[in-house]
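Architecture and fold: a report
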Amino acid sequence: MSLSVDIQRKLGAFDLQVSFDAGAETLGLLGASGCGKTLTMRSIAGIETPDAGKIVVDGTVFFDKASGRRARVNLTPQQRKTALLFQNYMLFPNLTVAQNVAAGIGRDVPAAERDAAVMRELHRFGLSGFERRYPAQLSGGQQQRVALARMLAARPSILMLDEPFSALDAHLKGVLEQNLVSLFDAFSGTVLYVSHDIDEAVRFCDRIAVVDGGRVVEVDTARSLIDDPQSEAGIKLSGCKNCTPAVRAGEREVFLPKWGVAVRTGKPVPENVRYLGVRARYIVRADGPGENCFRMRVDRASDSRFERSLLLAFLDRCDDETAEGSAAEDEMHFLHRHLFWRVGTVDVAESQLPHVGDELWVRIDPQRLYLVTK
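Residues numbered from 1 in each chain as written. Predicted model: local features only at pLDDT ≥ 70, side-chain atom pairs only at ≥ 80, totals over all residues. Heavy atoms only, no water.

**Some words on the nonpolar core**
Going by this rule: By convention a nonpolar core is built from buried Ala, Val, Leu, Ile, Met, Phe, Trp, Tyr and Cys residues, the set being connected through side-chain atoms within 4.5 Å. The cut-offs for exposure are 20% and 50% of the maximum accessible area for each residue type, with area from a 1.4 Å probe on protein chains only; residues under the lower value are buried, those over the upper are exposed, and the others partly exposed. Contacts were defined at the residue level, with two residues in contact if any of their heavy atoms lie within 4.5 Å.
Counting residues in hydrophobic clusters, the biggest one holds 45 residues, and the most contacted among them are Leu148, Leu161, Leu180, Leu183, Phe184, Tyr193 and Ile208. Excluding residues within four positions of it along the chain, Ile208 makes contact with Leu27, Gly28, Leu30, Ile198, Ala201, Val202, Glu218, Val219, Asp220, Ala222 and Leu225. Ranked by size, the runner-up nonpolar core spans 26 residues in total, among them Ala246, Leu256, Trp341 and Leu371.

The following block contains the structure:
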């Protein structure tokens, strides 16, 4: 099982140029909204037509067109036999559950075989007894399970899921994640999984392709992306809250213009370094001055279930940068000048937690920094 994608598509000011390969695995397309993830998936399915490039699935050419020429190959969506799960599931409201599941099965399949495939997938996803119901009579979770059953019943060449949990609450999401496990276990080919959530991607994907501005900027295992991102987009999409421009100031030192401080690094700094990243959980409280110890002021604080999130201002900046522009620009300027920090609140007295206005020292571990050149 294999997938090879190398396509270009220009839509106004947006320029999609993606290239990647996948085998019998789940490959995540991880990126912010509007970066080209869904457009890539729709191009593979045949819903969108690239301007140029090539798409090959299991040795079958789906699309092949040189720039400026007529397409040599451009299979219809029906000929491609891909399975694409949209965010809203795209069930036929006038068909029963059984008819929806059967809709993707080719008409050349004998009726008895079709019926057996439908019942097998309904049983797999816990939908036995729902055969005669209509989509409007189902919960959101049940509708998703019908869509997943339809995908497998069609015996597709490739599975593609476009942010399947985007409209679900946390509890239902946790339950339905198990349905995806059943789906992936039953399918031996290539699965493409579109998401902007790093935790989702880590749970389901063997490898992750980071998509930024219409391009794949890095592809690696989930663990490698988290432990050693190779791009600004990789740092941010891996869940790291602190990513700031960096300038080389020495073999093991960078200056951070937005923060107005110099930081020592545990590894040599590339000549063309562009960004530094540090996770909020790797920042620790310090007793006073020292290597990578900074005097800070708490400017904002907010609580979640188990943590307090804080925005810290550097009190000993090396510049006198001031904000100018609109209110939105001022807010972004404010955020970019601050360090994001998280502290646990479980079994910690309120008096021991940082509060807005507090001045304190923190340390940034030089061994826990990300340095990237793109």
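**Some points on the side chain of Thr96**
The condition that has to hold: Secondary structure counts use DSSP, requiring at least four H or I residues in a row for a helix and at least two E residues in a row for a strand, with both numbered from the N terminus. Polar contact is defined as a pair of N or O atoms within 3.5 Å, subject to the rule that within protein one atom must be able to donate a hydrogen and the other to accept it, and that residues adjacent in sequence are counted only when both atoms are side-chain atoms.
Along the polypeptide, Thr96 turns up in the loop between strand S7 (82-85) and helix H3 (97-102). One polar contact links the side chain of Thr96 to the main-chain carbonyl oxygen of Glu131, over a distance of 3.4 Å. Filtering out sequence-adjacent residues up to four positions away, Thr96 remains in contact with Glu131, Arg132, Arg133 and Tyr134.

**Some remarks on the environment of Phe130**
Here Phe130 is to be found in the loop between helix H4 (111-124) and helix H5 (140-153). What makes Phe130 buried here is its relative accessible area of 16%. Setting aside its immediate chain neighbours within four residues, Phe130 contacts Val97, Leu138 and Gln142.

**Considerations on the pattern of salt bridges**
Applied cut-off: The salt bridge definition used is simple: a Lys or Arg side-chain nitrogen within 4 Å of an Asp or Glu carboxyl oxygen.
Taken as a whole, this structure holds 20 salt bridges when the rule is applied. For Asp64, the salt bridge is made with Arg72, and the minimal N-O distance between the two is 3.1 Å. Of the charged contacts, one joins Arg120 and Glu121 as a salt bridge, the two residues approaching to 3.6 Å between their closest N and O atoms. When its relative accessible area of 39% is taken as the criterion, Arg120 is described as partly exposed.

**Thoughts on the packing of aromatic side chains**
Inclusion rule: Put simply, two rings from Phe, Tyr or Trp (the six-membered ring, in Trp's case) pair if the centres are within 6.5 Å, and we call them stacked under 30 degrees between planes, edge-to-face over 60, tilted for the rest.
By the definition in use, this model includes four aromatic pairs. Measuring from centroid to centroid gives 5.4 Å for Tyr193 and Phe204, while their planes differ by 35°, and the two rings are tilted. Of the two residues, Tyr193 is situated in strand S9 (residues 190-195) and Phe204 in helix H7 (residues 198-204); the sequence distance between them amounts to 11 residues. Given the relative accessible area of 0%, Tyr193 is considered buried.

**Looking at unusual backbone geometry**
Residues other than glycine predominantly adopt negative phi, and peptide bonds predominantly adopt the trans conformation. The phi dihedral of Lys81 falls on the positive side, at around 50°, and the residue is not glycine. Phi at Arg155 is positive, roughly 50°, even though this residue is not glycine. Of note, Arg155 is situated in the loop between H5 and strand S8 (158-162).

**Focus on the confidence of the model for the protein**
Put simply, the test is: Per-residue confidence from the predictor is given as pLDDT, running between 0 and 100.
Averaged over all residues, the pLDDT of the protein equals 89, while 94% of them reach at least 70. Of all secondary-structure elements in the protein, the lowest mean pLDDT belongs to helix H6 (residues 170-186), at 73, while strand S16 (residues 275-278) reaches the highest, 97. Below a pLDDT of 50 lies the segment residues 322-326, which in the model reaches six contacts outside its immediate sequence neighbourhood of four places, other chains included.

**Notes on the sheet that holds strand S22 (residues 369-372)**
The cut-off we apply is this: We call two strands paired when DSSP finds no fewer than two bridges between them. Inter-axis angles, ranging from 0 to 180 degrees, are taken between N-to-C directions of lines fitted to C-alpha atoms, where helices are fitted over the stretch in contact.
Taken together, three strands build an open sheet; the order of strands is S12-S16-S22 and the sheet is antiparallel. Since the sheet does not close on itself, it has two edges, and those belong to strand S12 (242-245) and S22, each with one partner. Ignoring which end each strand starts from, the neighbouring axes of this sheet average 20° apart.

**Regarding the sheet that holds strand S1 (residues 3-11)**
Pairing is antiparallel across the open sheet formed by five strands, whose spatial order is S2-S1-S4-S5-S6. Whereas interior strands pair on both sides, the edge strands pair on one side only; in this sheet they are strand S2 (14-22) and strand S6 (73-74). Inspection of the sheet shows strand S4 (residues 52-57) paired to strand S5 (residues 60-65) by five bridges, in the antiparallel sense. From the neighbouring strand, Ile55 faces S5, where its bridge partner is Phe63. On the sheet, helix H1 (residues 37-45) packs against S1, S2, S4 and S5 and is oriented at approximately 65° with respect to S2.

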